[in-house]
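Here is how the chains run, residue by residue.
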Amino acid sequence: MVHVYNCHPFSSQQIVQVEQEPGLVCCGGGALFVVATGGCKVEAYSVEKEGCPLICRFATMGTVKSIQHSKIGDYLVTIEEKNSATYLRIYTNWRYQAEEKARVGVRLLGHLLRGASVRGGVQMEIIEIPLSERPVAVACCSVTGDLLVGCENTLVLFTLRRQNQQSLQNQSQQILQSTWPNTQQSSSQSQGQTSSSNQNVSILDFERSVILHLPKIKPKRVALCGGYVAVQTELEVLVLKLDESSEPKTAEESSDTNKADHLEDQADFLLLPRHQELLGDRAKDCDIAVTIEKTGLEDRGQYTLSYILFRRFTPDFFQGCSVEETQLHSLQLYPLFTSTQSASLEEPACVFCFFSLPNAGYLYSLKGGVELLSVYQYPEKVLEAVLTDYLLHVITKNALQCFTVRCAAVTARIEDPYIDTTMKACPPCSLEVCALRMQLFIGLRSVCVYGRHVILLSTADTDTPEETERTTQRRGLSRKWTMSSPKETSTAGHGWNLYVVDTVSPLTLYQEMVEYSQRYAESNPQAQSLRHLLSEAHLLLRASLLQTSGQQQHSEGDPAVSLQTDTDTAVQTDSQELEEALRQNCAQLGDCFSRSGQKDCHLALPYYRMSGLPVTEVMARNRPVPSSPHSYGPGFLFYLKHYLFEETEQCLSQEAADEVIDIFSQSEPSQLVSVCASPPMVNVSPARTMQILQHLEDTAGVSVPLTITMATMMLLLDDLPRYTQMMERHAEMLLVYGFIEESRLLLHGGGGGQHAHIRPTALTRQLAKSQPGLLVAAMVALHENNKVQLEQADQIFKELGCENCLQVDFWEAMLMASSQEAVIQELLFRVASVYIDRLANSEPPPTPSRRRSLKSAEDLINSCIHYGALYPWLTVLSPAQTTSSQHQEALHKLQSLLCGPSLSVGSVVPLLERLSEETLWGFSLHLLCSTRRGQYDSSIEKLLDRCPQAIIAYANHQLQDKNMVLWWQKLLPELCNRTRAASDNSILLAALKETLVVVAMETSPTEFLELIPDDGTASYFLPHLLTCSQKHLLA
């Protein structure tokens, strides 16, 4: 479907004053090239200046049958005939023919001019390219300047080469010196007369790079762009991709002899091909075989060929065009660069392929997957079409018509990965095209475009009265287009005219589209046509921004642009105006989608974001008219919820916040709790909001998050009794579930991930004072439900000033709840560090206001697997009531951690260096670490030195199983030696006696005899030996 809008794409027109009837026209480089009918002369006119003055004229070497201009290299290529022979010639430096008496150099391809021709300065050159077959069509690459020539059954690619004139003169000088030594002085004088500017001019030449053989098709038109090659026959289009590869690869010869013979047998029959469309990899399944023949003189690797697109049409009849006239025309490959690409980058971001039948045009995107973007249904027979950045210009016999294109939609998605997300949006590539206002002419024959200038060639209407009547009837039967009055032909009396029609600036056309859209907005703000027209305006602005950014980047390749002195300033000004217009358009599109149905309402968010409007302005644009039955649209509510819930930390004023409460109380009351908990709503009126929440509770029933929200409002009103009453309505565990459901009741921020700033709410601060256990339980639940990160929770407790109390309680509670090993190890190290720090610092005297920990050591031992039961021998080393209760609690918790299975002792040993072993409790911690690390020998020695009364309790607990041998290998000898030295030490004697009892039960009589010291008293050891023997006999 094609939408039709009465917008004016054309601003003015002028007639080019040419003396003879034009036969061929083309444009480029700011110039219009005109070849007279049957003539051998080219005239160049400036389309950038008023009146299109003549730039230069020059003669050709034959009758021109086809002419093309290349932006890169600024050269002309022609197909000429002379004496029944066809030639391919290239004209370079044609601008220096402003004086018709200027010199002209003629040479063959690859034979650069030398000697006097070079020393004489820059001059026009005619390069003749010999071909083995007759050239049929030519195309120049707008990206590289390469040349593609279509012959009877082959395509020949010529690569553009540049050589500096200075190097050529040096080569010429060397040749002259070697041949004529006496010419050195005269040569130097001649060289000195050449200006320095001419020395830096590049000489253009071409190298025959590759030949493509297509035996089954006869090209009618060809196109070339950045390695893409397109061929058009009467009813077929084939697009190929040529890539250079460093690895040798033999071209695949695909021959189908049987099929060829069959076709020869059927030569007397008319075969109609079936309609076919093959995209991407499927295109290689077409029946057109292509083989590669590389002809380059330089070894630059092999060419690889891939099929991109194949389209075949069946001859058809439609109104105004016979079957015989159903032929393809206007083949074009069009590149687009993103605004971030540099001028030196030869690979365009997008390449588009356009071709047309008399009744329909087809636009394909080739890069990143082949896709049919648009199909243009023409109202009558189209003779020719030209694709530009943002418009498609087509001509019928008596009219110039413009259609919109979707190239900008494709390029925008390649340039910006955030498009089609909640951040940014762009109208889809599949958006239906529209036709703009038609301009009538008489007898149009051809069209070409340069920038905003559309060049039209028309001839007098020579139809018979019957044909004229049929044309009038045909136009009457076609769809109704809005037309402007026809332009009269020139008064010069001849039957032809050459027009230069200027299109309006994109900004002007955008403004007219906006004015046109107001008609739909006033009658039906939700009309599909309104959204479509604003989307067209959006794509127009995007295409203009791409074109504006590309003007300066690619100005080096366009001499007309490079001559402008104020280009940079003009481009910058245009870009600023376009960006401002784009923001306005995004706001208008946001308005459309904010009121649309559920299908597209989500697009209001990215368009409003791109508009840069503050949320208050968006709210003002979406306020329902008092007399209107419409309420707030789903798109606006989606935008507002995203703004409140996920996006910003910017606080709304009280007036705006109260309006937000009113909006949701009318539209989505179920979202009121989340809205009240949103960070931007901190300035909301608590009394007014409390009334709305109370009404919600009366209608929807009681819920825990709603109760907490109402308690928060009471807190903001400083009504602590009612706050307490609200919080006591539910059990603590239910309140925790409420915080899980709506975490922003406790925390604001954190939307940017682990390192995002997060801060406590007023409710959080109150809970830290009145219900610390609930706050800790809620924070643990939020962490376990991935609502808050560990570092963010630490940040909250630091902002609350509770890093030495509630934060440690939170870590201890996390150890009981968490199952993540990495988190557990981190928390074990943290709490151990805190315990050591508390023990290392002198504890201040306890005061009534100092809060005790939520969990005692005994609580942690009973409820947390990471805290182990204290070893029995620790009670001997750290007797109770020897220090303050806080100090004793930290000691027992640390000892419990060291007795548990999870703490890595090696990680805390460096920290324990802060604690001295002089105190008995400090010694117990170091002894625990040594024991956990398996250093039993040294531990036994240290314990006998510091506290021998604990040695038996230590040995009974630690020296078991595989460590049992230490009773007689280490402990018994140590006790014997120490008792011998201090025989009156009752503690050592008692320990020795207990040790002998254990040894006697665990060893044989022989082993026991070997353990008795030589100087031992027999009466002392004999009872134990007797016990050992009796045990052995019983065994």
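Higher on the page you've got the structure.
What comes next is a walk through the structure. Just so we're clear, the structure is a prediction, and the values are computed from it rather than from any experiment. (Residues numbered from 1 in each chain as written. Predicted model: local features only at pLDDT ≥ 70, side-chain atom pairs only at ≥ 80, totals over all residues. Heavy atoms only, no water.)

Observations concerning the pattern of salt bridges
Across all of its chains, the model carries 35 salt bridges by this definition. Taking the shortest distance from any N to any O, the salt bridge between R89 and E80 comes out at 2.6 Å. Each of the two residues, R89 as well as E80, counts as buried. Within this structure, E941, D945, K970, E974 and R978 form a network of salt bridges that share partners. (Salt bridge = Lys/Arg side-chain N within 4 Å of Asp/Glu carboxyl O. Buried < 20%, exposed > 50% of the residue type's maximum accessible area, 1.4 Å probe, protein only.)

Thoughts on the packing of aromatic side chains
What the rule picks out here adds up to 19 aromatic pairs. The rings of F313, F355, Y362 and Y364 are connected pair by pair, giving a single aromatic cluster. Its end group placed over the ring of Y228, K241 keeps NZ or CZ at 5.1 Å from the ring centre. The ring of F923 carries R946 above its face, with NZ or CZ at 5.0 Å from the centroid. (Phe/Tyr/Trp six-rings, centres within 6.5 Å; stacked < 30°, edge-to-face > 60°. Lys NZ or Arg CZ within 6 Å of the ring centre and 35° of its normal.)

A closer look at the pairing of strand β24 (residues 360-365)
In terms of burial, β24 is a largely internal element, six of the six residues being buried. Burial of β24 is two-sided: the residues A360, Y362 and Y364 facing one way and the residues G361, L363 and S365 facing the other way are all buried. Alignment of strand β23 (residues 350-356) against β24, held across five bridges, turns out to be antiparallel. Its bridge partner lying in β24, F352 is registered against S365. Counted between consecutive antiparallel strands, the loop separating β24 from strand β25 (residues 371-377) contains five residues, among which G368 sits at a positive phi close to 70°. (Helix = DSSP H or I, 4+ residues; strand = E, 2+ residues; numbered from the N terminus. Pairing = 2+ DSSP bridges.)

A closer look at the sheet that holds strand β17 (residues 228-232)
Strand order in this open sheet of five strands is β16-β17-β18-β21-β19, and the pairing throughout is antiparallel. Sheet topology places β16 (221-225) and β19 (276-279) at the edges, where each strand pairs with a single neighbour. Across the sheet, the axes of successive neighbouring strands diverge by a mean angle of 25°, strand direction being ignored. One ladder, built from ten bridges, connects strand β18 (residues 236-245) with strand β21 (residues 302-312); its direction is antiparallel. (Axes fitted to C-alpha atoms, helices over the stretch in contact; angles between N-to-C directions.)

So, the side chain of S611
Positionally, S611 belongs in helix α12 (residues 604-611). Leave out the neighbours within four places in its chain, and S611 touches R583, C586 and A587. (Contact = heavy atoms within 4.5 Å.)

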